[in-house]
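Structural description and commentary
As a plain string of letters, each chain reads:
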Amino acid sequence: MDNNIIPRKSIPRGRRKLVTVIRAADDVIQTDDVVSALQVGRSDAAKLLSRWASQGWLRRVGSGTYVAVQLDSLESERILDDPWILVPALYAPAYIGGWTAAEHWDLTEQLFRQILVVTTKIVRKKCEMRDGAQFMVRHIQERKFFGTKPVWRGRSKVLVSDVHRTIIDMLDEPSIGGGIQHVADCLAVYLKRPDRNDEILIDYAKELANGAVFKRLGFLVEKYPNTEVLTEGCLKHMTKGNAKLDPALKCPRLVSKWRLRVPPNCTMGG
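Parameters at a glance
- Sequence positions are assigned chain by chain, starting from 1 and proceeding in written order.
- Owing to the predicted nature of the model, reporting of local features is limited to residues with pLDDT of at least 70; listing and counting of side-chain atom pairs is limited to 80 or more, with chain, interface and lining totals taken over all residues.
- Each side-chain value is derived from all of the structure's non-hydrogen atoms; neither hydrogens nor water enter the calculation.
- The rule is simple: take the accessible area with a 1.4 Å probe, protein chains only, and divide by the maximum for that residue type; under 20% is buried, over 50% is exposed, in between is partly exposed.
- Per the convention used, a helix needs a DSSP run of H or I reaching at least four residues, while a strand needs a run of E reaching at least two, with both numbered from the N terminus.
- In this context, the arc is that of the directions from the helix axis out to the C-beta atoms.
- Only heavy atoms matter for contacts: two residues are in contact if any of them lie within 4.5 Å across the pair.
- In this text, buried Ala, Val, Leu, Ile, Met, Phe, Trp, Tyr and Cys residues form a nonpolar core when linked through side-chain atoms within 4.5 Å.
- A 3.5 Å cut-off defines polar contacts: any pair of N or O atoms within that distance qualifies, except that in protein one atom must be a possible hydrogen donor and the other a possible acceptor, and neighbouring residues in sequence count only when both atoms are side-chain atoms.
- Paired rings are identified among Phe, Tyr and Trp, the last through its six-membered ring, by centres lying within 6.5 Å, and are further divided according to the angle between planes into stacked (under 30 degrees), edge-to-face (over 60) and tilted (the rest).
- The rule for a charge over a ring is simple: NZ of Lys or CZ of Arg within 6 Å of the ring centre, and within 35 degrees of the ring normal.

1. Section: helix α10 (residues 228–237)
Owing to its 3.6 residues per turn, the α-helix brings residues three or four apart onto one side. When we look at burial in α10, the residues that qualify are L230, T231, G233 and C234. For α10, the angular spread of the buried residues around the axis is 160°, confining them to a single face. Set apart from the buried face of α10 by more than 90 degrees, the exposed residues are E228, V229, E232 and K236. The inward-facing, buried residues of α10 contact α8 (198–208) and α9 (211–221).

2. Here's the deal with the nonpolar core
Residues F135, I167, F219, L220 and L245 are the most contacted members of the largest nonpolar core, which totals 59 residues. Take this core: its biggest share by element is seven residues, from α9. Core analysis: the next-biggest nonpolar cluster, separate from the first, contains 15 residues, I22, I29, L48 and A68 among them.

3. Some points on the side chain of T108
Within the secondary structure layout, T108 lies in the loop between α5 (98–104) and β5 (115–119). For T108, a relative accessible area of 16% gives the class buried. One polar contact links the side chain of T108 to the main-chain amide nitrogen of Q110, over a distance of 2.9 Å. At 2.8 Å, the side chain of T108 forms a polar contact with the side chain of H182. Leave out the neighbours within four places in its chain, and T108 touches A102, E103, H182 and C186.

4. As for the packing of aromatic side chains
Tallied over the entire structure, the rule returns four aromatic pairs. Summarising the aromatic geometry, the rings of Y91 and F135 are spaced 5.8 Å apart at their centres and angled 55° between planes, so their arrangement reads as tilted. Remark: F135 occurs in strand β7 (residues 133–139) and Y91 occurs in helix α4 (residues 86–91); sequence separation between them is 44 residues. Judged by relative accessible area, Y91 falls into the buried class, the value being 3%. Relative accessible area serves as the criterion here: at 0%, F135 is assigned to the buried category. Lying across the ring of W84, R153 places its NZ or CZ 3.8 Å from the centre. When the ring centre of F146 is taken as reference, the NZ or CZ atom of R165 above it lies at 4.2 Å.

The following block contains the structure:
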């Protein structure tokens, strides 16, 4: 953030307030930061933020949410090198999940343009462009908000689904994992990791309370060695009724053991 600050002697008195706020805030500046740093009311704080934005010192990225503009990037479409820092300010309670978390935990080498965000907030748009970065936003119930880890990006703390929750989330909704084939590939990598934990996977799946997760997980891991405990856990908690391996695909063939409908000529399972 210091790169965004002009030396104090060259700043007019009226602009020193902005420097004070930038130094006190994290990478993202909100109304409360101004209130705290300058000891002013929220109305005055909002006016200051709006004025600084109109003068080109800040750029608005959301309601009451701004980022400082680097002096050499005033004409740039995108200011932030790391758009993750916008997530807590725009979507909290929220975490980075799905394919973006899979990239973070080295479950995949595939790159995705959109940043996958999971939030308990009601969102109007599932896809939003913020400061040149594209966010894909998925809403969940508050009771399903668990299994996250904090990571520091600059001075901002951002929550990310831990590696186990990342797998379970993608099995719960294969679309946020880039489709079931990519999810299966990530799962194969996970099974070889030293931090693999079958018990946590089962516990997370139970807490999420979607029977399809056990069916997909059991079907996909059955062919791998050292998965007997995981397979038995999935069979034990499997619910009645049939589910699709991937709701986005045609799945006419039924694997009765797992009560799972799969695409024709599917080679992913056991």
